[in-house]
Amino acid sequence: MESKQGDPRPVGIFDSGIGGLTVAQAIHRILPGEQLIYVGDTAHMPYGDKSIELIRTYSIRIAQYLIDTHDCKALVIACNTASAAAYEYLRDQLKGKVPVINVIDPMVEFLVASHQIKHPGIIATKTTIGSGVYQEKLKRRKPGLQFSALATPLLAPMIEEGFYNNSVSHAILHEYLEQAELKNIDSLVLACTHYPLIKKEIEEYYGPGVNIIDSAMVVAEKLKYLLTKENLLHPSGKKKNDQFLVTDYAPHFEKTTRIFYGEGIHLEKIDL
Ligand code: DGL
């Protein structure tokens, strides 16, 4: 009989900044036995308005660091913008080294598998929407599926500044959601790390007729599936402490972690 050894090495997760902690939190909830090494590229955030080339340069540097310094067994790109700009590039560069998961493909799989969803809307940063990656993958996987995509670039900085569930977020959100692009949708994909924080407000705007979907849980489930399939789950027992690393440190980053992770966490600065 084949022995089930598993793999105690950590899972590497990275994002442009602190927002990817929404994904890290979902992974922690679903896979509490896994050690997580999180890198937030705070020195270069936001990624949402940067070029594809620059985001690829930043992403491969972080991925290489997670593999070389921390011996990560799998990588999660917990950032929609980096997933749109750099996933295929990273996957090809790291072939044979570690499996890489992004936040877009699991969501596309979820959308195309659903029989209820006939017309999803997608909101995200300028670079994610401008890359056309979601649109192209949906078209390829389910030809004929109607969908709408809208860049909502003010939302991530708004949330990062703590403006959610208040009159400012209400006004900005309504301005975006009233756009013609989002008319007649039956579901809305929150395709940005920050948007789970305004999920409730969006649900209130639409009421029960539109299903609001955030990718954190879908991605965490995908990671669990992959680690199980590849026999890479932590073999149980003692896991080492999770680490939360940033490429630039300022005290307000640490305060922001509370918003995205649900609890305050200690950030450590690294030089990349
Ligand atoms: N993490 C980014 C995303 O999910 C949002 C913040 C940024 O623009 O860097 O698209």
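Our structure's up above, just so we're on the same page.
All values reported here derive from a predicted model rather than from experimental measurement. For every chain, the first residue of the written sequence is number 1, and numbering continues from 1 along that sequence. Totals for whole chains, interfaces and linings use all residues, but because this is a predicted model, local features are given only for residues with pLDDT of at least 70 and pairs of side-chain atoms are given and counted only at 80 or more. The side-chain figures draw on all heavy atoms in the structure; neither hydrogens nor water molecules are used.

### Looking at the packing of aromatic side chains
Filter applied, for reference: Side-chain rings of Phe, Tyr and Trp, where Trp is taken by its six-membered ring, are said to pair if the distance between their centres is within 6.5 Å; with planes under 30 degrees apart they count as stacked, over 60 as edge-to-face, and otherwise as tilted. Helix and strand definitions follow DSSP, with helices as H or I runs of at least four residues and strands as E runs of at least two, each counted in order from the N terminus. Relative accessible area decides the class of each residue, using a 1.4 Å probe on protein chains only: under 20% of the type maximum gives buried, over 50% gives exposed, and in between gives partly exposed.
For the structure shown, the criterion picks out four aromatic pairs. Ring geometry for Tyr47 versus Tyr58: centroids 5.8 Å apart, planes at 25°, classification stacked. Note that Tyr47 is positioned in the loop between strand E2 (36-40) and helix H2 (52-68) and Tyr58 in helix H2, a separation of eleven residues in sequence. Of the two residues examined, Tyr47 and Tyr58, each falls in the buried class. Ring centres of Tyr205 and Tyr206 lie 4.8 Å apart, and the angle between their planes is 85°; on these two criteria the pair is classed as edge-to-face. Tyr205 gets classed as partly exposed once you look at its relative accessible area, which sits at 25%.

### Remarks on the pattern of salt bridges
To keep it simple, the criterion reads: When a carboxyl oxygen of Asp or Glu is within 4 Å of a side-chain nitrogen of Lys or Arg, the pair counts as a salt bridge.
A full pass over the atoms with the stated rule returns twelve salt bridges. Asp71 is paired through a salt bridge with Arg9; the nearest N and O atoms lie 3.3 Å apart. Pair noted here: Asp71 is in the loop between H2 and strand E3 (74-77) and Arg9 is in the segment before strand E1 (11-15), with a separation of 62 residues, a long-range link. For Arg91, the salt bridge identified is with Asp92, shortest N-O distance 3.3 Å. Connected via shared salt-bridge partners are Asp7, Arg9 and Asp71.

### Here we look at the sheet that holds strand E8 (residues 211-214)
Formally: Two strands pair under a simple rule: DSSP has to find at least two bridges between them. For helices, the fitted line uses only the C-alpha atoms of the stretch in contact; every axis is such a line through C-alpha atoms, and the angle between N-to-C directions lies from 0 to 180 degrees.
Read across the open sheet, the four strands follow the order E6-E5-E7-E8; overall the sheet is parallel. In this open sheet, the two edge strands, each paired with only one partner strand, are strand E6 (148-151) and E8. Put simply, the sheet's adjacent strands are angled 20° from each other on average, direction ignored. With four bridges connecting them, strand E7 (residues 187-190) and E8 associate as parallel partners.

### Remarks on the pairing of strand E9 (residues 243-246)
On a regular strand, one side chain projects to one face of the sheet and the next to the other, so that they alternate. Our working rule: Seen with its strands pointing away from the viewer, a crossover is right-handed when the path leading from the first strand over the helix to the second is clockwise.
Where E2 lies against E9, four bridges are found, and the strand directions are parallel. Within the sheet, the bridge partner assigned to Tyr38 lies in E9 and is Phe244. Relative to strand E10 (residues 268-269), E9 runs parallel, the two sharing two bridges. Bridge assignment links Leu245 to a residue of E10, and that residue is Glu268. Crossover handedness for the path E9 to helix H11 (residues 251-261) to E10: right-handed.

### Comments concerning the environment of Lys222
Counted only if it meets this: Throughout, a contact is declared for two residues whenever any of their heavy atoms are within 4.5 Å.
If you trace the backbone, Lys222 turns up in helix H10 (residues 215-229). For Lys222, the contacting residues outside a window of four places in its chain are Ile101, Pro106 and Glu109.

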